[in-house]
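# Results of the structural survey
Residue-level listing of the chains:
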Amino acid sequence: MSNNDRRGFLAASAGLGLVAIAPGVHLMQVAQARPAGEPASKLQRWGMLVDTTKCASGCTACVSACATENGINEQVADPRQAAQWIRKIDIKDPKNGRQHSLPMMCQHCAEPPCVDVCPTGASMKRADGIVLVDRHICIGCRYCMMACPYKARSFVHQPLTQQNPEVPRGLGCVESCTLCVHRVDKGQKPACVEACPEGAMLFGDLEDPNSDIARRIAQTATTQVRADLKLNTGVRYQGI
Amino acid sequence: MRRAVTLFLLGVLPWLTFSAWAGDGVPKPTIVIANEGKCIAPTEEMRRNHMDMLKHQRDETMRKGVRGKPASLNGCIECHAGKSTGSVIGKDHFCESCHSYAAVKLDCWDCHQPKAGFKAAGVKP
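So, here is what we can say about the structure in this document.

Calculation rules
- Residues numbered from 1 in each chain as written.
- Chains lettered and ligands numbered in written order.
- Predicted model: local features only at pLDDT ≥ 70, side-chain atom pairs only at ≥ 80, totals over all residues.
- Helix = DSSP H or I, 4+ residues; strand = E, 2+ residues; numbered from the N terminus.
- Buried ≥ 20, exposed ≤ 12 C-beta atoms within 10 Å, placed from the backbone.
- Contact = placed C-beta atoms within 7 Å.
- Nonpolar A, V, L, I, M, F, W, Y, C, P; charged D, E, K, R; others polar.
- Core = buried A, V, L, I, M, F, W, Y, C linked by C-beta atoms within 7 Å.

### Describing the overall build of chain B
The secondary structure content of chain B amounts to four helices and zero strands. Burial analysis of chain B (125 residues in total) assigns 20% to the buried set. For chain B, the share of sequence-separated contacts (at least 6 apart) that also reach a separation of at least 24 residues comes to 50%.

So this is what it looks like as structure tokens:
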């Protein structure tokens, strides 16, 4: 079974057969920038809702936007070493032929297995639910990569020089989607959400009952991939 | 032969030494400060404590999400990047001139971008 098949199976096993037609909710939402000097609060929990019924197969706008925003531009020697901040996967139910395309990235779990297994405390969850790698203390052991059920982490195998100033990344550390934490802290949305031409990605505060994302989750059927693991993911899907 | 070498050394060594120590007697790194007087703290304090300030704020920012405090590495770079390359590393540039003089290895630049205002062009890997 190839790597992609495994990933497809992973997402497919999350649950098929639910068809949730999106209500005509506009997906833009304005977040508030946190005042300077204030830490992230646990009264917020950032999350994302992906409407797979709108996500077009073959479209990689979110992946390109992520690469541009986060300076992921290195050529890797082996495709298995490629950065896995976000990737598009196509899944198909073999029984009825129903197909989906969806972006897969760090699911920003409330109970992240990557944090559980990290021997140094580098893998961490911020108070507002964003799961990050503190590269200052990451020793590159890659336990977290093995622990992640979503294959959402990758390791940098080569020296890098083209990093964006706001997104440090480099050789010998594990990395993953940061939910564009540098943008979120400024009150902006993640780059992928902003780039999606279909408006299929909704970003917001899951803890705020008045936010668009919390209302959508309260009203429509949404799925957590591998909900059986009870990780309480911050990234939810609609339509799979 | 030995006498010739001794004479040579006696003659040449003091000259070499003194020429290297010209001025106040101690070799100094060349530090070019592009924007003088705009630092977040007086020079003496920065020289002694910049590493602690950076490390303290790095943990606050990285782990707690505190933004907008003064001692940010990007803040240093914006002000101190050398005019010729736009970078704080490289010969005679702000960070490296002192650190190579003091033989203190910097690994900030393994991950952080040393060039001010750098914008990476994204290519899907």
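### Quick look at unusual backbone geometry
All names here are of chain A. The backbone of R142 shows a phi angle near 70°, a positive value even though the residue is not glycine. Examined against the element boundaries, R142 turns out to sit in the loop between β5 (131–133) and α4 (143–147). Among the residues examined, R142 registers 14 C-beta atoms within 10 Å and is labelled partly exposed.

### Considering the interface of chain A and chain B
In this complex, chain A contributes 35 residues to the contact, which on the side of chain B involves 22 residues. No other element matches helix α2 (residues 61–70) of chain A, which puts four residues into the side of chain A that touches chain B. Here the side of chain A that touches chain B is built from residues that sort into 14 nonpolar, twelve polar and nine charged.

### A closer look at the nonpolar core
One recurring pattern in soluble globular proteins is that nonpolar side chains are buried together. In this structure, A:V50, A:C66, A:C192 and A:M201 are the most contacted members of the largest nonpolar core, which totals 54 residues. Counting residues per element, the ones that place at least two in this core are β1 (46–51), α2, β3 (99–105), β5, α5 (181–184), α6 (191–195), β8 (201–205) and β9 (235–238) of chain A. It is α2(A) that provides the largest number of residues to this core, a total of five residues. B:A81, B:F94, B:C108 and B:W109 belong to the second-largest nonpolar core, a separate cluster that totals nine residues.

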